[in-house]
Number of protein chains: 2
Amino acid sequence: MTTRQDALALDASDPLAALRAQFTLPEGVIYLDGNSLGVLPAAAPQRVARAVRQEWGEGLIRSWNSANWVTLPQRVGDKIGRVIGAQPGETLAGESTSVNLYKVLAAALLLVGQRRGSGDAARRVIVSERSNFPTDLYIAEGLARQHGFELRLVEPDEIAAQFGPSLAVLMLTHVNYRSGRMHDMAALTRAAHDCGALALWDLAHSAGAVPVDLNAADADFAVGCGYKYLNGGPGAPAFLWVHPRHLQRMERDDLWQPLSGWFGHVAPFDFSPHYRPAGGIARFACGTPPVLGLTALDAGIDTLLAAEPAGGMAALRRKSLALTDLFIALVEQRCAGHGLELVTPREHALRGSQVNLARREGGYAIVQALIARGVIGDFRAPDVLRFGFTPLYTRFAEVWDAVEHLRQVLDTGEWRQARFNQKAAVT
Amino acid sequence: MTTRQDALALDASDPLAALRAQFTLPEGVIYLDGNSLGVLPAAAPQRVARAVRQEWGEGLIRSWNSANWVTLPQRVGDKIGRVIGAQPGETLAGESTSVNLYKVLAAALLLVGQRRGSGDAARRVIVSERSNFPTDLYIAEGLARQHGFELRLVEPDEIAAQFGPSLAVLMLTHVNYRSGRMHDMAALTRAAHDCGALALWDLAHSAGAVPVDLNAADADFAVGCGYKYLNGGPGAPAFLWVHPRHLQRMERDDLWQPLSGWFGHVAPFDFSPHYRPAGGIARFACGTPPVLGLTALDAGIDTLLAAEPAGGMAALRRKSLALTDLFIALVEQRCAGHGLELVTPREHALRGSQVNLARREGGYAIVQALIARGVIGDFRAPDVLRFGFTPLYTRFAEVWDAVEHLRQVLDTGEWRQARFNQKAAVT
């Protein structure tokens, strides 16, 4: 049996332990929901306050130049690029994951459409997982409806059967939000390319959580979220990435991503009446960038880059796996017989940085009872208890304590109290 | 001749003078660029700091419910609705003007497309002004390209000739960014409807600047900007408005706006794999709302609502016209013979809340020389010097002083110095 002393010993020897000092965590809270909203970087309040009071309040319109607001999407994008295997100039921060997905999936369908025009008419299926995060499916459903594609939703073990002449785009979230299961990005991308299709990856649960190398995997398009493991704050700007070969082809063939707003224009401040896309990734920009949100996100991504001297994403991955291994082991040791089923794969290569448990009944109420005790995870309908582990700040002793709370909630049956069963608007 | 004493007397008798105390203005600056970026509301730093430190830092994921983040787009939207003649539930805050325009123009084209399907095949022209703000034209150009419409750009005096069986959508910015000229929204909307077309209005330079009554004008769609006269901060979320008849028709006929993200789903937290649009204006929501940006925008719109006891937009309009009248008169009295041409109409019914001057040469450098003296206006290529007047905080004495600086810059020729002619990235 693993004891609390064992967990404390792991913290004592953790080479990344000092990174936690970068964050402001509330007293009395064990936060296992960084996969939904990352915690507050200690530097963020001052950075945002400076953007508000000095840059906006004092600099006013001049700050577009003097505070360099105009390049924030590229500068923050390039920082994100460092944790996802992107080269400078390939990543753009801004807007929401949904809007960014719309841009890149529409671009992918345009590229496929070019080939359909030249005899590849059968290539009309977008494949994704049925349990992919819903907004990805909704955006794809809308685009399929607009442009005459079929969105086909399959189970993970059915993906292998989808590679063929009808596959247009394989659109997957690298780490599934509901199962915590991680796909093999390089292998699936290769299989997509081998049958003439494109591969689009949502990195919402992997950017900052697991090592990602988009260029090594030869991915085509990617998007991701700023408010989870990048610690960018509530509703933070998201990001998108496009392989340079597609940027070049779009430029050569005059293909536009559909959200052709002024920040994606080659010369926005010439105020020309006709759209001419900018070169490079800027072609995927649209509206005026959200300066306050990008400033907070910039502080968030800095907390990850601070891990580079200690080994960066590889070191964070080692700790993440140790945290999730410990959580799984402790749940099995201490909460056996309570009907909890492990949803997340045991195999490291298939696991993200979260552990999800299913339970036939009471999942929502159990999560609420834990939250009342200061252990914050979340619930995903209909039956998933979800626990995220952020190696930048989660301690091994917190894992031990969280499982102890879970054990007590189950042993005492306190989750059966009515107040834990009243569903809130956001769960 | 109008003296500085006259201007001071106007300030002394200004019933709205007290509203300026709501803002933090830098020392030594006369800010005539609130039409590009509104100044900092004094309440904004604390409101944003609370959202960062308490709601994000302490509340963490729980704040979606406890701080009511989830309804921010509707709550802020309804506040904006109060200055644009919208009923509660018709306006949604979030994303950029460009993205919002894409949603509502796409919806308009869908509605027109339904009729094209039933025999109205000639209705395929989107009409706008050649000097409309470029991002509106770029978004329309992209949508026209995607969906087989023609974007026709005309001069203001050519609009009247566009009403006919081919007109699909009349898309105009109510107050032109470059001329300061205001359209008659009700009359043009009526003319569009009379020929079977729809009218879409961009309120970027009118929301919070001039009285707008979308329902009285029977407009079809509207969008607008959060960072100009709404004082929402750099890159603030924008807003959109849709007439309820179109929301009802979209619901009845299962029409989706294209950015079908999860916040526009009828039940986002059910995590269903299929998109079913929410009822009402929420059908136009897309991604996770930008909480920090919406919080600053909320503080911004509050500065306008604070004018309601003093007469609201009608009172602000009276002061705005008095400010722009004074500026025009003073420029003509004091800067005559310097080649400045008034671009903005003299007629009150045709004027927004800015005054634009054209000059054959040196416009950029003159604006830079003024900025060096602390008088902040802006320049719009190729030849427009633009001065915005925000009745919430601009004083009559500032108008007098600004014109005096302009006179000195022109009389001394100091704008000819090389340093004023070096163009910055954003002008």
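This text goes with the structure placed above it.
Parameters and conventions
- Residues numbered from 1 in each chain as written.
- Chains lettered and ligands numbered in written order.
- Predicted model: local features only at pLDDT ≥ 70, side-chain atom pairs only at ≥ 80, totals over all residues.
- Heavy atoms only, no water.
- Helix = DSSP H or I, 4+ residues; strand = E, 2+ residues; numbered from the N terminus.
- Rg over C-alpha atoms; globule rule 2.2 N^0.38 Å.
- Contact = heavy atoms within 4.5 Å.
- Areas by Shrake-Rupley, 256 points an atom, 1.4 Å probe, with all protein chains shown as cover.
- Buried area = accessible area lost by both parts, 1.4 Å probe.
- Salt bridge = Lys/Arg side-chain N within 4 Å of Asp/Glu carboxyl O.
- Polar contact = N/O pair within 3.5 Å; in protein donor to acceptor, adjacent residues only side chain to side chain.
- Nonpolar A, V, L, I, M, F, W, Y, C, P; charged D, E, K, R; others polar.
- Pairing = 2+ DSSP bridges.
- Axes fitted to C-alpha atoms, helices over the stretch in contact; angles between N-to-C directions.
- Least-squares fit on C-alpha atoms with pLDDT ≥ 70 in both.
- Buried < 20%, exposed > 50% of the residue type's maximum accessible area, 1.4 Å probe, protein only.
- Parallel < 35°, antiparallel > 145°, perpendicular 65-115°, else oblique.
- Left-handed = near helix turned anticlockwise from the far one by under 90°.
- Right-handed = clockwise from strand over helix to strand, strands pointing away.
- Arc of directions from axis to C-beta.

1. Notes on the overall build of chain A
Reasoning step 1: Regarding its fold elements, chain A presents 14 helices and 15 strands.
Reasoning step 2: A compact globule built from 427 residues would reach a C-alpha radius of gyration of about 22 Å, and chain A, at 22 Å, matches this within 12%.
Reasoning step 3: Reported as C-alpha extents along the three principal axes, the dimensions of chain A are approximately 65 × 60 × 40 Å.
Reasoning step 4: Within chain A, counting contacts between residues at least 6 apart in sequence, those at least 24 apart form 73% of the total.
Reasoning step 5: On chain A, roughly 14100 Å² of surface is accessible, and the fraction owed to carbon and sulfur atoms is 51%.

2. Quick word on the interface of chain B and chain A
Reasoning step 1: Between chain B and chain A, the residue contacts involve 84 residues of the former and 84 residues of the latter.
Reasoning step 2: Approximately 7100 Å² of surface area, both sides summed, lies buried where chain B meets chain A, with 69% of it carried by carbon and sulfur atoms.
Reasoning step 3: A per-residue breakdown of the area chain B buries against chain A is headed by B:Trp56, B:Tyr138 and B:Phe271, which together make up 12% of the total.
Reasoning step 4: At the boundary of chain B with chain A, the tally comes to two salt bridges.
Reasoning step 5: One salt bridge connects B:Arg145 with A:Asp254, and the closest N-O pair in it is separated by 3.5 Å.
Reasoning step 6: Inspection of the region where chain B meets chain A yields 19 residue pairs in polar contact (both at pLDDT 80 or more).
Reasoning step 7: Elements that contribute at least two residues to the side of chain B that touches chain A include exactly β3 (40-41), α2 (44-59), α3 (63-66), α5 (97-117), α6 (134-147) and α10 (291-305) of chain B.
Reasoning step 8: Looking at the side of chain B that touches chain A residue by residue, the classes come out as 49 nonpolar, 23 polar and twelve charged.

3. Points about the sheet that holds strand β8 (residues 198-202) of chain A
Residues and elements named next belong to chain A.
Reasoning step 1: Pairing is mixed in the open sheet, where seven strands are placed in the order β4-β10-β9-β8-β7-β5-β6. Two strands bound the open sheet, and with one partner strand each, they are β4 (91-93) and β6 (150-154). Averaged over all pairs of adjacent strands, the angle between strand axes in this sheet comes to 20°, irrespective of strand direction.
Reasoning step 2: Where strand β9 (residues 221-224) meets strand β10 (residues 239-242), four bridges bridge the pair, whose relative direction is antiparallel. Within β10, the residue paired with Gly224 across the bridge is Phe239.
Reasoning step 3: Across the sheet, helix α4 (residues 72-81) lies against β4 and β10, angled at about 120° from β4, the strand it touches most.

4. A closer look at the sheet that holds strand β4 (residues 91-93) of chain B
All names here are of chain B.
Reasoning step 1: With mixed pairing, the seven strands of this open sheet are ordered in space as β4-β10-β9-β8-β7-β5-β6. Edge positions in the sheet fall to β4 and β6 (150-154), since each has one partner strand and no second. The mean inter-strand angle of the sheet, taken between neighbouring strand axes irrespective of direction, is 20°.
Reasoning step 2: Packed onto the sheet, helix α4 (residues 72-81) meets β4 and β10 (239-242) and runs at close to 120° relative to β4.

5. Quick word on the environment of A:Gly413
Reasoning step 1: Tracing the backbone through its elements, the reader meets A:Gly413 in the loop between α13 (396-412) and α14 (418-421).
Reasoning step 2: The spatial distance from the C-alpha of A:Gly413 to the C-alpha of A:Ala219 is 47 Å, given a sequence separation of 194 residues.

6. Description of the relation of the copies chain B and chain A
Reasoning step 1: Expressed as a screw operation, the relation of chain B to chain A combines 0.0 Å of axial shift with a rotation of 180°, fitting to an RMSD of 0.0 Å. As the rotation angle and translation indicate, the two copies are arranged about a two-fold axis.
Reasoning step 2: Comparing interface residues between copies, 100% of those in chain B also sit at the interface in chain A, which points to an isologous, same-surface contact.

7. A word on unusual backbone geometry
Reasoning step 1: With an omega of 5°, the peptide bond between A:Ala381 and A:Pro382 qualifies as cis.
Reasoning step 2: Its location among the elements puts A:Pro382 in the loop between β14 (378-380) and β15 (384-388).
Reasoning step 3: For A:Leu60, which is not a glycine, the phi torsion comes out positive at approximately 50°.
Reasoning step 4: By the element assignment, A:Leu60 lies in the loop between α2 (44-59) and α3 (63-66).
Reasoning step 5: Classification of A:Leu60 as buried rests on a relative accessible area of 0%.
Reasoning step 6: For B:Asn68, which is not a glycine, the phi torsion comes out positive at approximately 60°.
Reasoning step 7: With respect to the element layout, B:Asn68 can be found in the loop between α3 and α4.
Reasoning step 8: What makes B:Asn68 partly exposed here is its relative accessible area of 31%.

8. A look at the packing of α2(A) against α2(B)
Reasoning step 1: Relative orientation of the contacting elements α2(A) and α2(B) amounts to 170°, with a least axis distance of 10 Å. When the axis of α2(A) is compared with that of α2(B), the two are roughly antiparallel. α2(B) is crossed by α2(A), and the crossing has right-handed handedness. Here α2(A) contributes A:Ala44, A:Pro45, A:Val48, A:Val52, A:Arg53 and A:Trp56 to the contact with α2(B), which in turn contributes B:Ala44, B:Pro45, B:Val48, B:Val52, B:Arg53 and B:Trp56.

9. A look at the pairing of strand β7 (residues 167-173) of chain A
All names here are of chain A.
Reasoning step 1: When you tally the buried positions in β7, you get seven out of seven residues, the bulk of the element.
Reasoning step 2: Summarising the sheet, strand β5 (residues 125-129) and β7 pair through three bridges and their orientation is parallel. Across the sheet, residue Val127 finds its bridge partner in β7, namely Leu170.
Reasoning step 3: With five bridges joining them, β7 and β8 adopt parallel strand pairing. Within the sheet, the bridge partner assigned to Val169 lies in β8 and is Leu198.
Reasoning step 4: In this fold, β7 hands off to helix α7 (residues 185-194), which returns the chain to β8; that crossover is right-handed.

10. Topic: the pattern of salt bridges
Residue and element names in this part refer to chain A.
Reasoning step 1: Inspection of every chain in the model, using the stated rule, returns 49 salt bridges over all chains.
Reasoning step 2: Residue Asp14 is joined to Lys319 by a salt bridge in which the shortest nitrogen-to-oxygen separation is 2.7 Å. With Asp14 in the loop between α1 (4-12) and β1 (23-24) and Lys319 in helix α11 (residues 312-334), the pair connects residues that are 305 residues apart, well separated along the chain. Exposure class is identical for Asp14 and Lys319. Each is buried.
Reasoning step 3: Via salt bridges that share partners, Arg47, Lys79, Asp298 and Asp302 belong to a single interconnected network.

11. So, the environment of B:His405
All names here are of chain B.
Reasoning step 1: When you line up the elements, His405 lands in helix α13 (residues 396-412).
Reasoning step 2: Spatially, the C-alpha atoms of His405 and Arg373 are 7.5 Å apart, while their sequence positions differ by 32 residues.
Reasoning step 3: Side-chain polar atoms of His405 contact the side chain of Arg373, separated by 3.0 Å.

12. Points about helix α9 (residues 244-252) of chain B
Residues and elements named next belong to chain B.
Reasoning step 1: Residues of α9 that are buried: His246, Leu247, Arg249 and Met250. All buried residues of α9 project into a common sector of 165° when viewed along the axis, lining one side. In this structure, α9 carries Gln248 and Arg252 as exposed residues pointing more than 90 degrees from its buried face.
Reasoning step 2: Just downstream of α9 lies Asp254, where phi reads positive at about 55°.

13. Side note on the pairing of β5(A)
Residue and element names in this part refer to chain A.
Reasoning step 1: Burial within β5 is extensive, with five of its five residues counted as buried.
Reasoning step 2: Neither face of β5 is left uncovered, since the one carrying Val125, Val127 and Glu129 and the one carrying Ile126 and Ser128 both have all their residues buried.
Reasoning step 3: Pairing of β5 with β6 involves five bridges; the strand directions are parallel. By the bridge assignment, Glu129 is partnered in β6 with Val154.

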